[in-house]
Amino acid sequence: MRFIPKKLITVLGQITFWFLLALIAVAGIRLFTRKRVPSGTVLEIHLERPLVERAQPGFLRFLQPRPALTLRSAVNAINHAAENKKVNSLIVHLGSGQSGAAKLQEIREAIVRFRAKGKRAIAFAETFGQARGATFTYYLATACDEIYLQQSGEFGLTGLVSQTMFLQGALEKLGIKPRLDSREEYKSAKYVLTQDHYIPPHEEANRRVMESLFEQALGVISQTRGIPQDRIRDLIDNAPYSAQQAKELGFVDEIAYVDQVRRKLTEKDRFLPISDYISRTGNGDGRSTIALIYGIGEIYVGKNQRSPLTGQLMGSETMIDAFRQAVEDKSVKAIVFRVNSPGGSYVASDAIWRAVVRARDAGKPVIVSMSNVAASGGYFVAAPATKILADPATITGSIGVVSGKLITTSFWNKLGITYDEIHTSKNATMHLPTEDYTEQQWEQLQESLDRIYNDFVSKVSQGRNMSVDQVKDVAGGRIWTGAQAVENGLVDTLGGLEQAIDQAKLAIDLKPDDRVKLKIFPKRKTLLQTILGEGGTKSSRSVSLPSADIPINDEMLEIVQRLGRLSRKNQLLLDVDIPVE
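Conventions used here
Residues numbered from 1 in each chain as written. Predicted model: local features only at pLDDT ≥ 70, side-chain atom pairs only at ≥ 80, totals over all residues. Heavy atoms only, no water. Helix = DSSP H or I, 4+ residues; strand = E, 2+ residues; numbered from the N terminus. Buried < 20%, exposed > 50% of the residue type's maximum accessible area, 1.4 Å probe, protein only. Lys, Arg positive; Asp, Glu negative; His and termini not counted. Salt bridge = Lys/Arg side-chain N within 4 Å of Asp/Glu carboxyl O. Polar contact = N/O pair within 3.5 Å; in protein donor to acceptor, adjacent residues only side chain to side chain. Expected span 1.5 Å × (residues − 1). Pairing = 2+ DSSP bridges.

A.B. asks: Can you tell me about the side chain of R478, naming the residues and giving the values?
C.D. replies: By the secondary structure assignment, R478 is in the loop between α17 (468-474) and β20 (479-481). One buried charged residue, R478, forms no salt bridge at all, with the nearest opposite charge on E185 at 4.7 Å. Here D473 takes part through its backbone oxygen, which lies 3.3 Å from a polar atom of the side chain of R478. Reaching out from R478, the side chain makes a polar contact with the backbone oxygen of A475 at a distance of 2.7 Å.

Pasting the structure below:
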């Protein structure tokens, strides 16, 4: 063991002490030096970056110069400003931040409520889509009184496209053979690895969802801009347009730069970013407490984890613990479960399902609020809730299962790598990626798929008070928008997170206008855990990939994510293929 001089230890200790003191001082300044909101304030919200469900955990987030804006804080701030006599206007800065259609719908509804109080809202965009479509970005803009576009900007109202990456050809060249099966034919996660194009069930499911989303956007744009839908369809077919053309066609009101837009609102320095508004105001807490549990990301066995390549992961251990804490907390009267997940492990989803059931049986109503995606395993965990809400554009359903493995023997042979093995029992090789299934093993996989699919259907039937046949009519792996899911019984009503909180209030005999205290789970890390990297969201079983100084584009990331889902051993997946927007 190498000897460490005491003097060095002392110096390191002093450095650590002063570093921690600096952190506390900076955070204290940010927390406690609040100014008032001046009269005549114009609130500004920037949507150039995606909205997140929950802020990054950890004490160090206070040091971020521009922390990510959460959806709930943005909606709350706009709602609060609508009632604040010192705020008279709102500027919405639009960009290409891919927040997802459902989240944009929740922001849009908040802007509509702001205007309903007699206040003015203006949308400004440097461009509506640059080298990409901007249908739902423009859809959000139509919530405002006026829409301004920079002179050099493009108006990219080009409609929606559903593009799915198929890996069959790449896997074939690599010598990797997918051995997968699913329940039922609409379970499209399998097809991205076994096909090179859309087959009828896959195309039908995606087209149904895409057309529902398009109709939602088209109807709102037509109503707010006073342009017939048939006319809008024709115009979209010939987009994109220049800023001047967009004005002449009636899509935008004025062409201006951001400084000119600001001058139209006020000559005084009364512009306040929404993050500063949030820090200067507070809604106050009520006496009753509602738990808000975030279930974000692909579902797997373990603790919550965040990875640069796989993104946020929803760990069953973390979710179970969050529900347990909410149930045991006597101050918590109801639970709002915010789900944004494409699914994942069946075992992990089932464990979370049980946690929801236990909370409901303990007498605490569980209200599910679906974000952009709550499909497959994301729907499985929501099924037993007291009530389910979704935005019209939420992707949900996909009641089905896919499983199997990738046979990699030929790939390794190309590299000159061979495997050999010994085993004690006939099925010991069942999960090896270098061995194909035997006839018996394939039959056993089919039995597992049947068992899990029937379990999924049965639990949806129980949770939704539907017959098994009724569930099967809308299952089979089909995906639906929230608007369609309300019609077919998979969702109770349309609404965002705030409406879900209102439903939780009603479930405990409060009025929607009553104030409540929201206690958020899973709990955040402490300062010490953040510095030491302990507790909180760290997983006991890492699935992160090694870091490397190479660029990772969207296509590479999607390949890694798709293959990663099937590389986790011994997992039957409740997973959905969500096409790139």
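A.B. asks: Any details on the pattern of salt bridges? Residues and values, ideally.
C.D. replies: Enumeration according to the criterion identifies 27 salt bridges in this entry. The shortest N-O distance in the salt bridge between D436 and K177 comes to 3.7 Å. Of this pair, D436 sits in the loop between α15 (409-414) and α16 (439-464) while K177 sits in strand β6 (residues 177-183), placing them 259 residues apart in sequence. Residue D436 is classed as partly exposed on the basis of its relative accessible area, which comes to 30%. Linking D181 and K190 is a salt bridge whose minimum nitrogen-to-oxygen distance equals 3.7 Å.

A.B. asks: So what's going on with helix α3 (residues 101-116)? Residues and values would help.
C.D. replies: Helical geometry note: an α-helix holds 3.6 residues per turn, so side chains three or four residues apart project in the same direction. Over its 16 residues, α3 extends 22 Å from the first C-alpha to the last, a length consistent with the 22 Å expected when each residue adds 1.5 Å. In the stretch just after α3, G118 is the one whose phi turns positive, near 85°.

A.B. asks: An account of the pairing of strand β13 (residues 311-315) is requested, with residue identities and associated values reported.
C.D. replies: Most of β13 sits inside the fold, with 4 of its 5 residues counted as buried. Note: strand β11 (residues 298-300) against β13, 3 bridges, orientation parallel. Looking at β13, one finds that Y300 is bridged to G315.

Bear in mind that shape data such as this cannot, by itself, settle questions of function.
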